[in-house]
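# Notes for the structure review
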Amino acid sequence: MTEPSTAEPSGPSGAQAPLGVFDKELLDRCISCGFCLPACPTYALTGEETSSPRGRITLMRALESGELAPDDPTSAEESSFCLGCRACETVCPAGVEYGQLLEQWRDHQWRGPARPWIARVLMALVSRPALLRLQGLVRRHARGGAAPAGRPAGSGTAPRPAGAGPVTRPAGSAAGTVSLMLGCVERGLYPEVSRAARQLCPEAGVPARQGCCGALHAHNGDSATGAELAHELGERLPGTILTTAGGCAAHLAHHLGRDRVRELSEYLDEQGHRPVGEVTVNGRRARAALQDSCHLRNGLGVTRPPRELIAAVADYVELPGAGKCCGAAGTYAMLRPEDSAKVLAPKLDEVEEADVDYVVTVNPGCLRQVRQGLRRRGSRAEAIHLAEFLALATRLP
């Protein structure tokens with residue numbers, strides 16, 4: 001861990017001017033109670049206060065007040081070391097929106113050439129819709145325009161369960177219109193996910209000319225572009241935006257409103273979807289576990305639907321650390337592979353101990369992370385996206 005900067009403060013009073021980066025109201029919410037420490041994966045790795053949410057907010061306050069230099073190395077290290085999983089938000093009694101503070105922090109720390117080169121390359125690629133569409137020509141992700149006429153959302157499924165919240169529509173959108181969002185990573189690496197989602201939700205259209213949702217930018221030091229891309233995508237996708245990526249769901253919901261965005265499992269749940277068939281292995285019902293998406297769980301509070309959907313077609317096994325970060329964390333696994341592997345290791349141990357056949361994910365980054373980890377270990381367990389898993393249950397043995 002790097003040491004704090006020893007640079008002399010500037011200005012006539014001996015102190016640096018306020019940085020003007022952070023939302024003061026968000027910073028002031030933290031009461032430094034420490035409830036966040038046990039929930040933080042990086043604090044668990046190091047045991048160091050500076051690697052906890054409370055310690056990082058202390059650094060943010062020092063930066064904002066001018067007590068730390070804007071280029072303080074400890075600040076730069078900790079803004080990068082943080083996974084951004086937002087687990088701290090779920091246990092915070094003061095309602096600190098740590099995810100928003102982290103975006104503001106990285107906007108400051110990762111400006112221009114200070115942004116990791118891998119992040120710069122990825123952001124440049126996904127900012128070009130033509131390149132994203134080119135992936136579809138090669139990888140053959142789901143295709144299709146607006147939802148078929150006369151076939152509203154939920155057609156062919158059971159009625160929505162009692163007590164489910166209303167699904168409101170944006171002004172000017174046709175009631176019941178559902179648009180399947182094609183994730184940037186999924187288009188290139190996992191096109192079968194969108195095809196499976198379309199199989200599960202034939203009422204969903206797949207509008208052309210989709211761009212990036214902006215989550216990648218928001219998490220890598222360019223939250224302004226992240227917000228702009230989210231609104232652009234919202235204009236291109238009519239009605240409810242259906243996504244197979246938990247991270248994209250949380251980002252879009254923040255900028256477009258919760259009523260406009262549904263992750264696949266919660267959409268199926270709200271529509272009363274009842275999975276058919278079952279997933280089998282060697283003639284027996286498969287044993288399957290879930291790896292939560294951090295932003296879906298911690299940001300949107302969606303935990304029950306994916307578990308119930310899995311349990312409908314397989315024997316569900318709850319991993320002790322299912323709700324803990326797998327270490328993928330967007331670009332984190334590429335920017336900090338050693339730290340990412342340390343976060344993943346105990347989860348792989350749990351998978352082996354549970355003796356499951358499948359680890360189901362609801363986010364493409366998690367799918368990549370867990371799949372690679374299982375393969376490196378030579379595990380018999382297979383990582384699979386929820387959409388593919390449910391579609392697999394419908395196939396004949």
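This part is about the overall build of the chain. On a plain count of helices and strands, the chain comes out with 20 helices and 9 strands. Burial status across the chain gives 53% buried among its 397 residues. The long-range fraction of contacts in the chain, counting pairs at least 24 apart against all pairs at least 6 apart in sequence, stands at 76%. A total accessible area of about 17100 Å² is found for the chain, and carbon and sulfur atoms account for 54% of it.

Turning to the pattern of salt bridges, a few remarks are in order. Scanning the model with the defined rule gives 21 salt bridges in all. Linking Asp 292 and Arg 307 is a salt bridge whose minimum nitrogen-to-oxygen distance equals 2.7 Å. Pair noted here: Asp 292 is in the loop between strand S6 (287–291) and helix H15 (294–300) and Arg 307 is in helix H16 (residues 304–313), with a separation of 15 residues, a long-range link. Accessibility classification places Asp 292 together with Arg 307 in one group, the buried group. Bridged by salt links that share partners, the residues Arg 284, Asp 355, Asp 357 and Arg 380 form one connected network.

This part takes up the sheet that holds strand S2 (residues 240–243). In space, the 3 strands of this open sheet follow the order S1-S2-S3, with parallel pairing throughout. In the strand order of this sheet, the two ends are held by strand S1 (178–180) and strand S3 (261–263), each with one partner. If you compare each strand with its neighbour and ignore which way they point, the axes differ by 30 degrees on average. Here 3 bridges tie S2 to S3, and the two strands are oriented parallel to one another. The residue of S3 that forms the bridge with Thr 243 is Glu 263.

Time to look at the packing of aromatic side chains. Under the counting rule described, the total for this entry stands at 1 aromatic pair. Ring centres of Tyr 358 and Phe 389 lie 5.3 Å apart, and the angle between their planes is 65 degrees; on these two criteria the pair is classed as edge-to-face. With Tyr 358 in strand S8 (residues 358–361) and Phe 389 in helix H20 (residues 386–393), this residue pair connects regions lying 31 residues apart in the sequence. Residues Tyr 358 and Phe 389 agree in their burial class; the two are buried.

Viewed as axis vectors pointing N to C, helix H4 (residues 73–81) and helix H6 (residues 98–109) meet at an angle of 130 degrees, and their least axial separation amounts to 10 Å. Relative to H6, the element H4 lies oblique. The handedness of the crossing between H4 and H6 comes out as left-handed. Between H4 and H6, the contacting residues are Ser 75, Ala 76, Glu 78, Ser 79 and Ser 80 on the first element and Leu 102, Trp 105, Arg 106 and Gln 109 on the second.

Here we come to the side chain of Gln 291. Position of Gln 291 among the secondary structure elements: in strand S6. What makes Gln 291 buried here is its relative accessible area of 1%. At 3.1 Å, the side chain of Gln 291 and the backbone oxygen of Lys 324 are in polar contact. Of the polar contacts made by the side chain of Gln 291, one reaches the side chain of Lys 347; its length is 2.8 Å. Aside from chain neighbours lying at most four places away, what touches Gln 291 is Gly 321, Ala 322, Lys 324, Cys 325, Cys 326, Lys 347, Val 359, Val 360, Thr 361, Val 362, Cys 366 and Val 370.

Looking now at the pairing of strand S9 (residues 382–385). In the sheet, S8 pairs with S9 via 4 bridges, with the strands oriented parallel. Across the sheet, Thr 361 pairs through a bridge with His 385, a residue of S9. On the question of chirality, the crossover connecting S8 to the parallel S9 by way of helix H19 (residues 364–377) is right-handed.

A separate point is the sheet that holds S6. What the 4 strands build is an open sheet, ordered S7-S6-S8-S9; its pairing is parallel. Bordering the open sheet on either side are strand S7 (315–316) and S9, each of which pairs with just one other strand. Contacting S6, S8 and S9, H20 runs over the sheet at an angle of about 95 degrees to S9.

Time to look at the packing of helix H12 (residues 223–236) against helix H13 (residues 246–256). Put simply, H12 and H13 touch, their axes get as near as 9 Å, and they point 85 degrees apart. Compared by their axis directions, H12 and H13 come out roughly perpendicular. In contact with Gly 226, Ala 227, Ala 230, His 231, Leu 233 and Gly 234 of H12, H13 contributes His 251, Leu 252, His 255 and Leu 256.

The next thing to look at is the pairing of S2. Side chains Thr 240 and Leu 242 project from S2 onto one buried face, and the interleaved Ile 241 and Thr 243 project onto a second face that is buried too. With 3 bridges connecting them, S1 and S2 associate as parallel partners. Each residue of the ladder has a partner; that of Ser 179, found in S2, is Ile 241.

In regions of low pLDDT, the predicted coordinates are not meant to be interpreted in detail. Across the chain, the average pLDDT comes to 87, with 84% of residues at or above 70. Here residues 1–14 scores under 50 on pLDDT; set against residues more than four positions off or in separate chains, the count is 22 contacts. Counted against residues more than four places away or in other chains, residues 147–174, with its pLDDT under 50, gives 47 contacts.

Scoring rules and cut-offs
- Residues numbered from 1 in each chain as written.
- Predicted model: local features only at pLDDT ≥ 70, side-chain atom pairs only at ≥ 80, totals over all residues.
- Heavy atoms only, no water.
- Helix = DSSP H or I, 4+ residues; strand = E, 2+ residues; numbered from the N terminus.
- Buried < 20%, exposed > 50% of the residue type's maximum accessible area, 1.4 Å probe, protein only.
- Contact = heavy atoms within 4.5 Å.
- Areas by Shrake-Rupley, 256 points an atom, 1.4 Å probe, with all protein chains shown as cover.
- Salt bridge = Lys/Arg side-chain N within 4 Å of Asp/Glu carboxyl O.
- Pairing = 2+ DSSP bridges.
- Axes fitted to C-alpha atoms, helices over the stretch in contact; angles between N-to-C directions.
- Phe/Tyr/Trp six-rings, centres within 6.5 Å; stacked < 30°, edge-to-face > 60°.
- Parallel < 35°, antiparallel > 145°, perpendicular 65-115°, else oblique.
- Left-handed = near helix turned anticlockwise from the far one by under 90°.
- Polar contact = N/O pair within 3.5 Å; in protein donor to acceptor, adjacent residues only side chain to side chain.
- Right-handed = clockwise from strand over helix to strand, strands pointing away.
- pLDDT = per-residue confidence, 0-100.

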